[in-house]
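Structural overview
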Amino acid sequence: MAEPMDVDDNEPRGAKRTASEAGLPSEAPRRIKARLISTDVVNKIAAGEIIVAPVNALKEMMENSVDAGATAIEILVKDGGLKLLQITDNGHGIEVSKECYKSYRYANQTQKDDLPILCERFTTSKLKDFDDLRSIGTYGFRGEALASISHIAHLRVTTKTAGSSCAWQAYYQDGKLSPPKPGQSSDPKPCAGRPGTQITVEDLFYNIPNRRRAFKSPSEEYARILDVVTRYAVHCEHVSFSIKKHGEAGAGFSVAAAASKIDRIKQAHGAAARELIEFKTQNDRWGFSASGYCTTANYSAKRTTILLFINHRSVESSAVKKAIEQAYQLFLPKGGHPFVYLSLEIDPARVDVNVHPTKREVHFLSEDEIIDMVCTDIRERLTQVDTSRTFKTQTLVPAIGSSTINKQQSPLAGGDDKNQPSTDALPRTPASKRPYENNLVRTDSKLRKITSMLPPALTPSQSLDNHDNNTTTAASGHGIQYITTDREQVTTRLSSIKTLRAHVRDAIHQNLTEVFASLTYIGLVDPFRRLAAMQSGVNLYLVDYGMIANELFYQIGITDFGNFGAIQLRPSGSDPIQLKELLLVAAELEVQADPSLADLEPSAIVEKVYEQIYSRREMLREYFSLEVSDEGNLLTIPLLIKNYLPSMAKLPTFLLRLGPFVDWTDEAQCFHTFLVELAAFYVPEKLPQAKQKSAKETENELLTSPTRVAERDTATPESDVTAGQSPIKNRQAEEDSFITKRRVEIEYALEHVLFPAFRSRLLATQGMMQGVVEVANLKGLYRVFERC
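Presented here is a report on the structure given in the accompanying data block. (Residues numbered from 1 in each chain as written. Predicted model: local features only at pLDDT ≥ 70, side-chain atom pairs only at ≥ 80, totals over all residues. Heavy atoms only, no water.)

Observations regarding the sheet that holds strand E13 (residues 313-314)
- Spatially, E10-E11-E14-E12-E13 is the arrangement adopted by the 5 strands of the open sheet, whose pairing is mixed. The two strands at the open ends of the sheet, each matched to only one other strand, are strand E10 (276-283) and E13.
- Note: strand E12 (residues 305-310) against strand E14 (residues 339-346), 6 bridges, orientation parallel. Within the sheet, the bridge partner assigned to Phe309 lies in E14 and is Ser343. (Pairing = 2+ DSSP bridges. Helix = DSSP H or I, 4+ residues; strand = E, 2+ residues; numbered from the N terminus.)

Written out as structure tokens, the structure is:
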């Protein structure tokens, strides 16, 4: 039997022991010892923060050239600026005043004496005290650019002032003068040169291999350099810029000193210059002035381009970019982006320029207020010119396969097949992935419709001779025609109109707006209930076009406020239209239709409404193109959209409703209620259903009418008998003919005017949801048929 194991029960298990108890050597406590970093390491760290890439080095040197009063700047680049980066200007040269360097060891502050301290850190002629930052008006102020470059590259400076007999050349390394070759003196040497300064940077980041390897390709770095050069070329007027790659004869970009701002934008950004509008704004309260150029709604790019300069310094601001993009949302299609050049002049005391190592960002007071005022001015300028759109079209041609080329030979080729190109050598279009059938849009708004191949339907008042020139003026036989005026566009700065526009923007329904923006009109479903069918994507919708048109005309009213067209009323061969007569017609109809108004006298209503309109005729003419002459004649009414005329049968009612339904006491409510009534006047009316009346009912209506009673009293028995049945048949025929004619006019207007306007101008609101019903969608139909 094995002996039991000896166990020591005196020492508790798991107890901690000291190092001496455990038999381990004792160690001294660890101490953190601070060391002073060498000057060389400090300079290289600072250089890495300031000169992140070749483009930063060029930006610093280019700003120094502009500060020196240069009017011509030439740039030479090799391998994206990593191998060679040279900038030459014709400025006043490098010189330092005595006040900045009183402690310098040379007694005579000549140009030669300035060069030894040129690349030392914090050497500048633009700043003396910290308070000078509050009123700094130059690009540079820290004096670190050339010092940082000299620590990470080989630097050569050649400069000549106007009063110097020769140029001076010096080489720098690690912030100090260095000899051009081993064994030579490091002092600046005289040489031949033209007035100005030439700075040559070679082998950038030669002593920081990790940073140099981080650059992907020289072409990308050259693109960044070209971007910053074009930015300053656009902004700096009266300064010529030229940049080219080393070894190439032609310049990659150049602009003359005499070029205008538009020409500079055209040289740098091409197509954007064709759609530019100028904007300017200023405010003494916030201490700024802004000017620049922005593109109209006819220009749209894949990404936003903003050239932002604050006190002539190129900076970036995400807040400015976001605000400008939001301002363009109402004008550009989805996925479209603008081009904007913006120059902000802000009181230097309100700007902090020392917030970023590369000076890429600045901070300034009242940033939100300034940005909002600038974007508001841009939005107003866009509203003024947003009267037409230009779209690029592309002809769609089917792809030609190789078999088609083999079979179709040109008649001029004869029978010789040797000269024919081989079909194997022709490029082949890669086969695109075919979409699923349930996602395939079967109707495209760009496709030609079969109705365009048919002869147009003519109204009785039109002929084949004048139809081409006046296809949409269905009321040309009733004294209505279009006129062209020389009235200039006016800018609406009324706060009430801005408030009404803001209310529309706040009520926008984004998804419904996208549905209308991509709609395809199908046809009129029910003119008696104002229903039409349209398609958007793979969905089929039934819409109340009366409700949609009402919102469209209201939005046109607040968008084109003060700039309406005019429909001039010129009755041919008759007296001018009296406003009182139209009001009297509408008042009599209202009194007859509503029994509760039987106690009112129509003439009293007419006088009151007439006085309200006549006393404000100047405002109505200026803002709404509703003109009433001094004699009380109605001369013009507003024209909201071309190629469409409202029903003139609604004109008396529209004029009468301007009295009780328009709030003339408050500006905002006055404009709102007037535009509501104007939109209701322009909305296509509901057509009455053809009611089949018996001959007895129709005869009773005719015989009891006032006109028929008067005729009966004065007519002889013989004439009454002979004409007994004619009025009954004539009235029924006239009503049917009018309804048929009006339906043709409405169908034409819906397809060619209203629904295209819905697609291009309408911003769908929340209230329009009840007027749009989805009838079917292709995916749902496929699921139904799959179950079958």
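Looking at the pairing of strand E7 (residues 196-202)
- Most of E7 sits inside the fold, with 5 of its 7 residues counted as buried.
- As defined by bridge partners, strand E2 (residues 84-89) adjoins E7 across 6 bridges and the pair is classed as antiparallel. Bridge pairing in E7 links Gln86 to Thr200.
- Two elements, strand E3 (residues 154-160) and E7, share 7 bridges in a ladder whose sense is antiparallel. For Leu155, the partnering residue across the bridge sits in E7 and is Val201. (Buried < 20%, exposed > 50% of the residue type's maximum accessible area, 1.4 Å probe, protein only.)

With respect to the packing of helix H11 (residues 495-506) against helix H18 (residues 667-682)
- Relative orientation of the contacting elements H11 and H18 amounts to 55°, with a least axis distance of 9 Å. Put simply, H11 runs oblique to H18. For the pair H11 and H18, the crossing hand works out as right-handed. Seen from H11, the contacting residues are Ser496, Ile497 and Leu500; seen from H18, they are Glu667, Ala668, Phe671 and His672.
- Along the lines of polarity and charge, the residues of the contact of H11 with H18 split into 4 nonpolar, 2 polar and 1 charged. (Axes fitted to C-alpha atoms, helices over the stretch in contact; angles between N-to-C directions. Parallel < 35°, antiparallel > 145°, perpendicular 65-115°, else oblique. Left-handed = near helix turned anticlockwise from the far one by under 90°. Contact = heavy atoms within 4.5 Å. Nonpolar A, V, L, I, M, F, W, Y, C, P; charged D, E, K, R; others polar.)

What about the environment of Ile117?
- Of note, Ile117 is situated in the loop between helix H3 (111-114) and helix H4 (145-152).
- For the pair Ile117 and Gly175, spaced 58 residues apart in sequence, the C-alpha to C-alpha distance is 8.1 Å.

As for the packing of aromatic side chains
- According to the stated counting rule, one finds 21 aromatic pairs in the structure shown.
- Arranged with centres 6.4 Å apart and planes meeting at 15°, the rings of Phe564 and Phe624 form a pair that is stacked. With Phe564 in the loop between helix H13 (545-559) and strand E21 (565-569) and Phe624 in helix H16 (residues 617-624), the pair connects residues that are 60 residues apart, well separated along the chain.
- Assessed through its relative accessible area of 0%, Phe624 is described here as buried.
- Their ring planes at 65° and their centres at 6.1 Å tell us that Phe624 and Phe671 sit as a pair that is edge-to-face. One end of the pair, Phe624, is in helix H16; the other, Phe671, is in helix H18, and 47 residues separate them in sequence.
- Joined through ring pairs, the aromatic side chains of Phe553, Phe561, Phe564, Tyr623, Phe624, Tyr644, Phe654, Phe671, Phe674, Phe681 and Tyr682 make up one cluster.
- For the cation-ring pair, Arg617 lies above Tyr614, with the distance from its terminal atom to the ring centre recorded as 4.1 Å.
- Just above the ring of Phe661 sits the side chain of Arg657; from NZ or CZ to the centre is 3.9 Å. (Phe/Tyr/Trp six-rings, centres within 6.5 Å; stacked < 30°, edge-to-face > 60°. Lys NZ or Arg CZ within 6 Å of the ring centre and 35° of its normal.)

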